[in-house]
2 protein chains.
Amino acid sequence: MPITRVPAAPVQPRTGRLHPLGIDEVRITGGFWAERQRTNASATLPHIFAWLEREGWLGNFDLAARGGLPQGRRGREFSDSEVYKYLEAVSWQLGNGQDAALEARFRATVARVAAAQEPDGYLNTNFGRPGQGARWSDLAMGHELYCLGHLFQAAVARGRTAPGADDGLLGIAVRAADLVCGVFGEGGLAAVCGHPEVEVGLVELGRLTGDPRYVDQARLFIERRGHGALPDHEWGRAYYQDDVPVREADVLRGHAVRANYLSAGAVDVAVETGDEDLLAALRRQWSRTLARRTYLTGGQGSHYQDEGFGEDWELPSDRAYVETCASIGSTMFSWRLLLATGGPGYADQIERVLYNVVATAVSPGGDRFFYTNTLHRRDPGVAPDPETASPRAFSSLRAPWFEVSCCPPNIARTLASVAGLVATTDADGLQVHQFAPATIRTTLPDGAPIGVRLETDYPSSGVVRIVVEEAAGRPWTLTLRVPGWASGATLTRVDGGERTGPSGEGTIRICGDFAVGEELRLDLPMAAVFVRPDPRIDAIRGCVAVRRGPVVYCAQSAAGVAGAPDLAGVVVRTDRTPEPVDAGIRVAADWPAQVEAAWPYVTTEDAARPATVGDLVLIPYHDWGNAGLCTMRVWLPAAREGR
Amino acid sequence: MPITRVPAAPVQPRTGRLHPLGIDEVRITGGFWAERQRTNASATLPHIFAWLEREGWLGNFDLAARGGLPQGRRGREFSDSEVYKYLEAVSWQLGNGQDAALEARFRATVARVAAAQEPDGYLNTNFGRPGQGARWSDLAMGHELYCLGHLFQAAVARGRTAPGADDGLLGIAVRAADLVCGVFGEGGLAAVCGHPEVEVGLVELGRLTGDPRYVDQARLFIERRGHGALPDHEWGRAYYQDDVPVREADVLRGHAVRANYLSAGAVDVAVETGDEDLLAALRRQWSRTLARRTYLTGGQGSHYQDEGFGEDWELPSDRAYVETCASIGSTMFSWRLLLATGGPGYADQIERVLYNVVATAVSPGGDRFFYTNTLHRRDPGVAPDPETASPRAFSSLRAPWFEVSCCPPNIARTLASVAGLVATTDADGLQVHQFAPATIRTTLPDGAPIGVRLETDYPSSGVVRIVVEEAAGRPWTLTLRVPGWASGATLTRVDGGERTGPSGEGTIRICGDFAVGEELRLDLPMAAVFVRPDPRIDAIRGCVAVRRGPVVYCAQSAAGVAGAPDLAGVVVRTDRTPEPVDAGIRVAADWPAQVEAAWPYVTTEDAARPATVGDLVLIPYHDWGNAGLCTMRVWLPAAREGR
């Protein structure tokens, strides 16, 4: 099995506009994300392992190995995938730095998975044994291929962070992938999985191993979809994107995790096969989804019922589902389009999601999670039981684990590999997409070495210093993303005083034969600003939100606290500028007296009501719920707003 | 079995402020509801019967009788109840007028049900046989007692419209009720059904038969609820109102049909047992539910996921679930409170629901139905297959039948008995709650006969003429509800010219020894008006709706019709008065140019946009979707509206 040496990055396209860098080439050295990476390693990974054991999802593999299934099996039909996502997260974490105990746990876990694999490569604890459903008998909802997709991603992560390791994970994946190709290949079972994910896994496994069958199998899965490959569904075939062929769709729809995972896999296929038509279709779908079906936080998914997208403009704050995993899926989709095309708007979406969904979905302690990320909570709900897996969404407090617990390990693998989203290279030089204290050491395609250090306390400030640590020995271009929210950004050559503005299309570029020690400074304006929605987003008509840099703010009201502001009755004054204060951002607000009526619909025009005048201090949305049960809202009714 | 002769009315409390009149005492003779009653009899009842046969839900009883269950059973676990609701609807219809063919079909259907009843009285096609779940083994979701509740209501309807009939339905019900009392009585299984309904059925059966055990059993079911009688549920015990004891709750919550049916049964129990505390609790719950959790149409239920209530003020238009059955349940609850207390606000809610949900949920032809009644539809969806049961909500067109088809027979029984909601009596005289062309003949408690004729084309106009047709021979009081929307109502003694205004609290009263032929005239103002929501209903901030009398209007846009108005971009001008025109009500509107942006959240204030100026003609909400696939909205963004 030939293994090409590649950077330790989650996505390694054969072609494309930009080349990803591995997490061995980009090291985040401090700040917002380093803190979260430390917590992820020290708290989240052990927490996930403990719950995988406690809930028996890891034990299912042991039972499978010794013939204890199906009676003893615990968890939902897709619980194997959480073990694989955990293995992927650990692989990236070990790529961030050696850890003998974690390495040992990783190997022991892989051994338990290996013991459950059947001789022909089949691996799933929920199907195929006497008393269980037959293999591939419930492709619509059984998640067998979905689970294998996560297995493949885990094996790829390990293969790229520890090439040649003798733990056996890559072999497990290859045997399973070979079986999938045998069963579902040309002339085989012309079917797809109800939950896309195997596609991204197969393409990446193909990229890692060089085996062309895997990419071709992914291509088959993409092409089969949308022709009624799956049975009709209570909520229509759009639920699992089997309503319209991928290349004919114009927007993401149905289950939001499925839609994003499928799109990510389809970009992979388009890039590997040179399918420009498919790539163009996916870019169009991404654009309309961002323009009409995405929340201010970058989150996606408006419906509780099907965890799915709503129609265009259907973006309720109070029933925003915004599943954590859907946002991670949007990051996967966006990153692949960024690599394929270089468009900085894709990095904008990644930034939005990282600061406002991923950072929100995990507690500061790393052991509590949001499955859904609503933008408006009127009732604090009740605190989750710390000893029990929670339903998906019922409290303003994060929960330790869920009955469907896809989100915690998804967060863990994302945080462990987040350095891979910071920068890329091309023949001209280096592109920085995300701003964090970091060191970047790589070589350009012609072999020229470059090294820079990023110094910043972003997103607290918008100043990013770029210090050259290794000279390329030839001129090269530094390209910095200018976020869509940042108008008036400048890049300054500190020594020379030369100042550059945006080059258009969301970047600032500067070319030079930079010497070691040379310093450049990016200045991004970081004022707190009011944000207004498109008037067609009915649910938030007449409201504003506050954003500072990439960070969305919210009003939070502690439950049962005397004097806590009434978030149901507040009206923000937009004629006063939002002002940063120690606790957050202060806005001026009125609390008009409420009229308590027997019937809430009246024919009289809203008369001036006596109002209490005061301030409301907003906090970063990603910090909401940290202080206890509360109400919360991102969008605030505004005085004197048009529509 | 002693049967007391009672009026042919669905609800016959032992005590209470007002006495119901039977459908033999109030005859609707024309107009809005007579038309719908005719269609109900000629089209809806045959349609329901055909689908009950086609789907095998009636056939299940035949299979049960000849041992063909469980293999051959079709339909959901509660499908028996649709047969019972059909029998109830037919009973009321036969009470409206003899029909030999319908009578024969009724008897034949009862015979098929009777054949499936087991010797001890048990009756359910989904439980109790080898290969089925044991009796009462899934009280949370099995709906056994729920089905029996509908059986009891059917038997009561028959008992009151055809007392002494030898069809056997009452006997079936009594045997089943006796079994229920034996199993679930004091010292028996201390359990409740996950779907309330048996409570209303038991009380009414007790009222009809005089057997006190039935009311007592209903009381037990009410008292047991809210103490964790049921297992925890994915959406919490509030889903089936087992979170808080009925007398301690402060608002309706959870599944909206369950909540209303339970509340109706609890009023019945409170009235029969003289439990003033329980009655007061239910009145409070009704009031807060109306003030904070009810749509402009009177509809209830904000969530698709659990068909349930949202929190206070959570009333999204676009995902309004507003299940038809929940609104019928609200009518049941409201009517019982009206009888108990005389409060005219309860009749207001009944009127709202009748004109804006019940009338909406059935097509003009009587053979197509809405299960949900949204207030905003952005996408027309696709036409339901006329040959297949539809999912509950996916199109702007009504469907012939549903996989869960509770609504069609619920509409049928409501329409067939709607005359029972028109008027009541007390010692003082007659109260008219709903306005329709009708004749009312009854006797006051002291035996004095009264007869009046109502002449009106309400709700087209607000003029109601009341002509005395039978003199009581003593002074009595005529009390007319003045709807909450009608300010400036007057009652005029046509001969004497005497004019009376509202007496406060929602009625106009006039006392007299009215002679035969004497005429009074009620004038209700019927201008089309803009309605504004409480500012805490976030989903419709900055919007207005149009109402004329009890009828809510909506904007409708035909799909694919060139030049059809864009309902996503419209802004209504509230400085122009809504104007009745032939096609509906005309409002002035602007269509500002839309800005198509890559990201729909901006920091600039909404600048004046060039607008197309025009008119929008609104139609009665109950007529929407009649003309084909369309978009629709009740709440319209308004220019210059405060919040």
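Described in the following lines is the structure provided in the data block. Values in this document were obtained by computation on a predicted structure and should not be read as measured data.

## Topic: the packing of aromatic side chains
A full pass over the atoms with the stated rule returns 44 aromatic pairs over all chains. Here the aromatic rings of Trp-136 of chain A and Phe-184 of chain A are separated by 5.0 Å at their centres, their planes lie at 85 degrees, and the arrangement is edge-to-face. Of this pair, Trp-136 of chain A sits in the loop between helix H4 (100-116) and helix H5 (144-161) while Phe-184 of chain A is found in helix H6 (residues 169-184), placing the two residues 48 residues apart along the sequence. Both residues of the pair, Trp-136 of chain A and Phe-184 of chain A, belong to the buried class. Taking 4.4 Å as the distance between ring centres and 70 degrees as the angle between the ring planes, the aromatic pair formed by Trp-286 of chain B and Tyr-346 of chain B counts as edge-to-face. Remark: Tyr-346 of chain B occurs in helix H12 (residues 344-361) and Trp-286 of chain B occurs in helix H10 (residues 276-292); sequence separation between them is 60 residues. Each member of the pair, Trp-286 of chain B as well as Tyr-346 of chain B, carries the same accessibility label: buried. In this arrangement the basic side chain of Arg-54 of chain A is found over the ring face of Trp-51 of chain A, its NZ or CZ atom lying 4.2 Å from the centre. Directly above the aromatic system of Tyr-304 of chain A lies the positively charged group of Arg-319 of chain A, at a separation of 3.8 Å from the ring centroid.

## Points about the sheet that holds strand E12 (residues 507-512) of chain A
Residue and element names in this part refer to chain A. Taking strand neighbours across the sheet as the criterion, the 5 strands line up as E1-E4-E5-E9-E12 in an open arrangement whose pairing is mixed. The sheet is open, and its two edges are formed by strand E1 (19-20) and E12, each paired on a single side. The sheet contact formed by E1 and strand E4 (residues 423-426) spans 2 bridges and is antiparallel. In the strand pairing of E4, His-19 is matched with Thr-425.

## Observations concerning the interface of chain A and chain B
Chain A puts 64 residues into the contact, and the matching count from chain B is 64 residues. Carbon and sulfur atoms make up 46% of the area that chain A and chain B hide from each other, which totals about 5,300 Å². If you look at where chain A meets chain B, you find 10 salt bridges. Note that Asp-538 of chain B and Arg-633 of chain A form a salt bridge whose closest N and O atoms lie 2.7 Å from each other. Counting the contacts that link chain A with chain B gives 24 residue pairs in polar contact (both at pLDDT 80 or more). If you list the elements that add at least two residues to the side of chain A that touches chain B, you get helix H10 (276-292), strand E14 (528-533), strand E15 (543-548), strand E20 (601-602) and strand E23 (636-639) of chain A. Ranked by the residues each element gives to the side of chain A that touches chain B, the list is headed by E14 of chain A, at 5 residues. Residues that form the side of chain A that touches chain B fall into these classes: 29 nonpolar, 10 polar and 25 charged.

## As for helix H1 (residues 31-54) of chain B
Residue and element names in this part refer to chain B. Given a rise of 1.5 Å per residue, 24 residues ought to cover 34 Å, and the 33 Å separating the end C-alpha atoms of H1 matches this to within 8%. Taking the largest bend as the criterion, H1 deviates by roughly 45 degrees, centred on Asn-40. With its phi angle positive at about 80 degrees, Gly-56 sits one or two positions after the end of H1.

Definitions and limits used
- Residues numbered from 1 in each chain as written.
- Chains lettered and ligands numbered in written order.
- Predicted model: local features only at pLDDT ≥ 70, side-chain atom pairs only at ≥ 80, totals over all residues.
- Heavy atoms only, no water.
- Phe/Tyr/Trp six-rings, centres within 6.5 Å; stacked < 30°, edge-to-face > 60°.
- Helix = DSSP H or I, 4+ residues; strand = E, 2+ residues; numbered from the N terminus.
- Buried < 20%, exposed > 50% of the residue type's maximum accessible area, 1.4 Å probe, protein only.
- Lys NZ or Arg CZ within 6 Å of the ring centre and 35° of its normal.
- Pairing = 2+ DSSP bridges.
- Contact = heavy atoms within 4.5 Å.
- Buried area = accessible area lost by both parts, 1.4 Å probe.
- Salt bridge = Lys/Arg side-chain N within 4 Å of Asp/Glu carboxyl O.
- Polar contact = N/O pair within 3.5 Å; in protein donor to acceptor, adjacent residues only side chain to side chain.
- Nonpolar A, V, L, I, M, F, W, Y, C, P; charged D, E, K, R; others polar.
- Expected span 1.5 Å × (residues − 1).
- Bend = angle between axes of the 7 residues up to and from the residue.

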